[in-house]
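# Coordinate analysis (summary)
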Amino acid sequence: MTRALSLLAALLAVSASASAQDLLIPMDEAQADHLRAYGAVYVALDRGLEVDWLLNVRGGSFVTPADADLQTELRARGVTFEPVDGASAIAAAEAPAANTSVVRLEKAPKIAVYAPDQTLPWDDAVLLALTYAEVPYDQVYDADVLDGKLADYDWVHLHHEDFSGQYGKFYARYNGAAWYQQQQQEAEASARALGFAKVSDLKLAVARTIREYVVEGGFLFAMCSGSDTFDLALAAAGVDIVPPQIDGDGVTPGAAGLLDFTETLAFQDFRPDLDIMEYEHADIDQPPPPALRNPLTDYFTLFEFSARWDPVPTMLTQNHVASVRGFMGQTSAYRADAVKPGVVVLGASPTTESVRYLYGPAGQGFFAFYGGHDPEDYTHLVGDPPTDLALHPNSPGYRLILNNVLFPAAKKQPQKT
């Protein structure tokens, strides 16, 4: 521990004993349940309590008023908390000697998850995290998006959708399965009902509407194929990249060279995978090579940012560890040279140099993309049992998801000066 951080820890200890008027929710190794701690903070905000997020202090701890009902809530959730003099703790975090800072959280963000009705919580890591942390959300889908309902929300997560209209590119393995055929029939019927000739046309319209939501000030989060197929759909507007086995007509000749990267949020200079038999959408994805696919050795590193001058990436990377265990997905990681200039890399693999976690501004809003399917299930496959987060209450990988959930609660998104 550096001298500055030692001083900060001492100040916090003194404040706890001197005038314990508030609560500290520690987010370092002392926390019994990191994930439910985020849900408790959400409850505090929802009840009108102001919360201070102490960036880089004990893993990104929180200071709240010593509200009796909140203390009851914290105990019920199994969340560790300590008495603290909040003013002293905040002053210590704002001292210039350490790379720490304070962000005031003042409202509970309204959350939407873009997912079809039949989606179950264990189908998606974000749904698992929200459900376990007991953070409320609404579920929306194509008709809701096109009706403008995203304007009601501060934060939108994209379920692992295939925005290219290729049903996850499961054709090679599952095209004869009843569930796959039903999914295709339902998607085609929905597209027609909403006035679109093809599913890919519908998904493009939805992706464009979501992008506009971000530009107008919303916050977008996506994992796995929900991230790269979003940009793939936007880049391929007016270009048919869907094999005929899916939509009945042919791919546009020279499609790979016709993509428009000015339309995308995060990625550029990529090529679509036009082979119906390949379980891959584009060469954005850069999974670890087979020899390195080992849950015991596959880690990525979170980068450190200036808490004072770069508060947004600092908020999004708060954790009690600097290295997070990697995990696979249809889109496991992003090719570094496909990331657009201006997009900030938050975490990357030191062995493959692939990007695991990124964020960027778009207009008045922000987006964050996170590679992989489930932080606590290294090679999640169709039919695998759901992850029980009660077994992983201190998961660093799931913490990154929940940092994003609280990000829109900030009083304002500070800009560099």
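Below, the structure is looked at part by part.

Analysis parameters
Every residue gets a number counted from 1 within its own chain, in the order that chain's sequence is written. Local features in this predicted model are restricted to residues of pLDDT 70 or higher, and side-chain atom pairs are both shown and tallied only at a pLDDT of 80 or more, whereas totals for entire chains, interfaces and linings draw on every residue. Side-chain numbers here rest on the full set of heavy atoms in the structure, without hydrogens or water. In this analysis, axes come from line fits to C-alpha atoms, helices being fitted only over the stretch in contact, and the angle between any two N-to-C directions falls in the range 0 to 180 degrees. Strands are runs of DSSP state E lasting at least two residues, helices are runs of H or I lasting at least four, and both sets are numbered from the N terminus onward. When describing relative orientation, an angle under 35 degrees is termed roughly parallel and one over 145 degrees roughly antiparallel, while 65 to 115 degrees is termed roughly perpendicular and anything else oblique. Contact between two residues is taken to exist if any of their heavy atoms lie within 4.5 Å; hydrogens are not considered. Nonpolar residues are Ala, Val, Leu, Ile, Met, Phe, Trp, Tyr, Cys and Pro. Charged residues are Asp, Glu, Lys and Arg, and all others, Gly as well, are polar. A helix's residues, less one, multiplied by 1.5 Å, set its expected span. Throughout this description, buried means an accessible area under 20% of the type-specific maximum (1.4 Å probe, protein chains only), exposed means over 50%, and partly exposed covers the range between. Salt bridges are defined by distance alone: a side-chain nitrogen of Lys or Arg within 4 Å of a carboxyl oxygen of Asp or Glu. Between rings of Phe, Tyr and Trp, where Trp is taken as its six-membered ring, a pair exists when centres lie within 6.5 Å; planes separated by under 30 degrees are stacked, by over 60 edge-to-face, and by other angles tilted. Note on geometry: a ring has a charge over it if NZ (lysine) or CZ (arginine) is within 6 Å of the ring centre and within 35 degrees of the ring normal. Here, strands pair whenever DSSP counts at least two bridges between them.

Each pair of packed helices can be described by the angle between their axes along with the distance between the axes. Across the interface, helix α9 (residues 199-215) lies against helix α10 (residues 225-235) with an axial gap of 9 Å and an inter-helix angle of 105°. Between α9 and α10, the crossing angle belongs to the class labelled roughly perpendicular. On the side of α9, the interface is formed by L204, A207, R208, I210 and R211, while α10 contributes F230, A233 and L234. Split into classes, the residues belonging to the contact of α9 with α10 amount to 6 nonpolar, no polar and 2 charged.

This part is about α9. The end-to-end C-alpha separation of α9 is 24 Å, in line with the 24 Å expected for 17 residues at 1.5 Å each. With respect to burial, α9 is a largely interior element, 12 of its 17 residues being buried. Two residues or fewer after α9 comes G217, characterised by a positive phi angle close to 120°.

Attention now goes to the pattern of salt bridges. Going through the model one piece at a time under the given rule, you end up with 21 salt bridges. Among the ionic pairs, D249 bridges to K198, the shortest N-O distance being 3.2 Å. Of this pair, D249 sits in the loop between α11 (244-247) and β10 (299-302) while K198 sits in the loop between α8 (178-193) and α9, and the two are 51 residues apart along the sequence. Overall, the relative accessible area of 18% leaves K198 in the buried class. Through salt bridges that share partners, K198, D240, D247 and D249 make up one connected network.

Geometrically, a pair of aromatic rings is defined through the distance of the ring centres and the angle of the planes. Applying the stated rule across the entire model yields 23 aromatic pairs. A centroid spacing of 6.4 Å and a plane angle of 55° characterise the contact between F221 and Y370, whose relative ring orientation is tilted. Here F221, found in strand β9 (residues 219-223), pairs with Y370, found in strand β14 (residues 365-370); they are 149 residues apart in sequence, far enough to count as distant. Of the two residues, F221 and Y370, neither departs from the other in class, the shared state being buried. For the pair F367 and F369, a centre-to-centre distance of 5.3 Å together with 45° between the ring planes defines the contact as tilted. Taking the relative accessible area as the measure of exposure, F367 reaches 1% and is therefore buried. Looking at F369, the relative accessible area reads 0%, which means it is buried. Ring pairs connect the aromatic residues W155, F221, F300, F327, Y357 and Y370, which therefore count as one cluster. Against the face of Y153 rests K110, its NZ or CZ located 5.2 Å from the ring centre.

Okay, the pairing of strand β13 (residues 355-362) next. A large share of β13 lies buried, amounting to 7 of its 8 residues. With 4 bridges joining them, strand β12 (residues 344-348) and β13 adopt antiparallel strand pairing. Its bridge partner lying in β13, V345 is registered against L358. Linking two consecutive strands that pair antiparallel, namely β12 and β13, is a turn of 6 residues; a positive phi of about 60° is found at E353 within it. Taken together, the 6 bridges between β13 and β14 define a ladder with antiparallel strand orientation. Each residue of the ladder has a partner; that of P361, found in β14, is F366.

This paragraph deals with the pairing of strand β1 (residues 22-25). Taking every second residue as pointing to the same face, both faces of β1 are buried, with D22 and L24 on one and L23 and I25 on the other. Pairing between β1 and strand β4 (residues 82-84): 3 bridges, direction antiparallel. For L24, the partnering residue across the bridge sits in β4 and is E82.

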